[in-house]
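Residue strings, one per chain:
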Amino acid sequence: MNFPAACASIAPVFLCSHADILVYLLPSLALAFLFWMLSGAHPGFFVLTAAGTLCHELAHFGVGLLTNAEPIGLNLIPRRKGKVWELGSVTFANLRWYNAAPAALAPLLVLLLPLIVAAWRTRPGWHFEPLDLLLAVFLAPQYLSFWPSPVDWKLAARSWPWLVIGALALAAWIWRAQLPTL
């Protein structure tokens, strides 16, 4: 039995058709786990997650610019806040109901970075190169930084009207689908 047939018997076809991307991302996932363990052991190991923190905060900043949240401050220097460390922050001058969720949840877009790099590196004819080791070290922190912080989720809650708008749009779409066709 060939690989595609064997894979399709246990996994969705989408995953089987992109198995090369998943295999490419495994070393960076393993490094992310190692970085997570080390950064929990000592604050000095925060340097391992610096690339992820930079992408996380730049995502806030960039989406804030695009949605008119008016970012006015970007801090990438880790500082102690009580019992936890704040690795970076972005402050906004115009955070409103319509732009709070996009600006606050922007780090979710960071997860696209490893996927784009893996798709680029695994295009047809790909062979492992030393560059792939360097990319794995750079991609590993992205897995640790893509999830919005608790503060980000609280700020995103300001966009609750989008939930109402979305629910109304979904209800209208379902209602339209239920109408008999003439």
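Please refer to the structure higher up on the page.
Attention in this report is confined to the structure presented alongside it. (Residues numbered from 1 in each chain as written. Predicted model: local features only at pLDDT ≥ 70, side-chain atom pairs only at ≥ 80, totals over all residues. Heavy atoms only, no water.)

## Remarks on the overall build of the protein
Right, on to step 1. Helix and strand counts for the protein come out as nine helices and four strands.
Right, on to step 2. Secondary structure of the protein in N-to-C order comes out as α-α-α-α-β-β-β-β-α-α-α-α-α.
Right, on to step 3. Looking at the protein residue by residue over its 182 residues, the buried ones come to 33%. (Helix = DSSP H or I, 4+ residues; strand = E, 2+ residues; numbered from the N terminus. Buried < 20%, exposed > 50% of the residue type's maximum accessible area, 1.4 Å probe, protein only.)

## Brief notes about the side chain of His56
Right, on to step 1. Mapped onto the secondary structure, His56 falls in helix 4 (residues 50–66).
Right, on to step 2. Exposure remark for His56: the relative accessible area of 10% places this residue in the buried category.
Right, on to step 3. In terms of polar contacts, His56 uses its side chain to reach the side chain of Asp152, at 3.5 Å.
Right, on to step 4. With near-sequence residues (within four places) excluded, His56 lies in contact with Pro107, Val110, Ser145, Trp147, Pro148 and Asp152. (Polar contact = N/O pair within 3.5 Å; in protein donor to acceptor, adjacent residues only side chain to side chain. Contact = heavy atoms within 4.5 Å.)

## Concerning a nonpolar patch on the surface
Right, on to step 1. A contiguous nonpolar surface patch, about 510 Å² in accessible area, is contributed by Phe33, Leu34, Trp36, Met37 and Leu144.
Right, on to step 2. Among the elements that line the nonpolar patch, the one with the most residues is helix 3 (residues 19–41), at four residues.
Right, on to step 3. Summarising the element assignment, Phe33 is placed in helix 3. (Patch = residues over 30% accessible without salt bridge, like charges linked within 9 Å, V, L, I, M, F, W, Y side chains within 5 Å. Areas by Shrake-Rupley, 256 points an atom, 1.4 Å probe, with all protein chains shown as cover. Salt bridge = Lys/Arg side-chain N within 4 Å of Asp/Glu carboxyl O.)

## Topic: the environment of Trp153
Right, on to step 1. With respect to the helices, strands and loops of the structure, Trp153 is situated in helix 8 (residues 150–156).
Right, on to step 2. Taking relative accessible area as the criterion, Trp153 reaches 36% and is therefore assigned partly exposed.
Right, on to step 3. In this structure, Trp153 is in contact with Leu105, Trp147 and Pro148, ignoring residues within four places of it in sequence.
Right, on to step 4. Among the polar contacts made by the side chain of Trp153, one reaches the main-chain carbonyl oxygen of Pro148 at a distance of 3.2 Å.

## Here's the deal with unusual backbone geometry
Right, on to step 1. Of note in the backbone geometry, Asn68 takes a positive phi value of approximately 65 degrees without being a glycine.
Right, on to step 2. By secondary structure assignment, the location of Asn68 is in the loop between helix 4 and strand 1 (71–75).
Right, on to step 3. Notably, Glu70 is not glycine yet its phi reads approximately 55 degrees, a positive angle.
Right, on to step 4. Position of Glu70 relative to the elements: it lies in the loop between helix 4 and strand 1.

## Focus on the packing of helix 6 (residues 112–121) against helix 7 (residues 130–145)
Right, on to step 1. Between helix 6 and helix 7, the least distance of the axes is 9 Å, while the angle of their chain directions is 160 degrees. In terms of their interaxial angle, helix 6 and helix 7 are classed as roughly antiparallel. Helix-helix and strand crossings are classified by hand; for helix 6 and helix 7 the assignment is left-handed. Contact with helix 6, carried on its side by Leu113, Pro114, Val117, Trp120 and Arg121, involves Leu131, Asp132, Leu135, Phe138, Leu139, Gln142 and Tyr143 of helix 7 and no other residues of that element. (Axes fitted to C-alpha atoms, helices over the stretch in contact; angles between N-to-C directions. Parallel < 35°, antiparallel > 145°, perpendicular 65-115°, else oblique. Left-handed = near helix turned anticlockwise from the far one by under 90°.)

## Structural notes on the pattern of salt bridges
Right, on to step 1. For the structure on display, the rule yields two salt bridges.
Right, on to step 2. Arg121 serves as the salt-bridge partner of Glu129, at 3.5 Å between the closest nitrogen and oxygen.
Right, on to step 3. Exposure remark for Glu129: the relative accessible area of 37% places this residue in the partly exposed category.
Right, on to step 4. As a salt-bridge pair, Arg121 and Asp132 come within 2.8 Å of each other at their nearest N and O atoms. Taken together, the positions of Arg121 in helix 6 and Asp132 in helix 7 put the pair 11 residues apart, joining distant regions of the chain.
Right, on to step 5. We classify Arg121 as buried; its relative accessible area is 6%.
Right, on to step 6. Given a relative accessible area of 3%, Asp132 falls into the buried group.
Right, on to step 7. Linked through salt bridges whose partners overlap, the residues forming this network are Arg121, Glu129 and Asp132.

As far as function goes, none of this settles anything; it's purely spatial.
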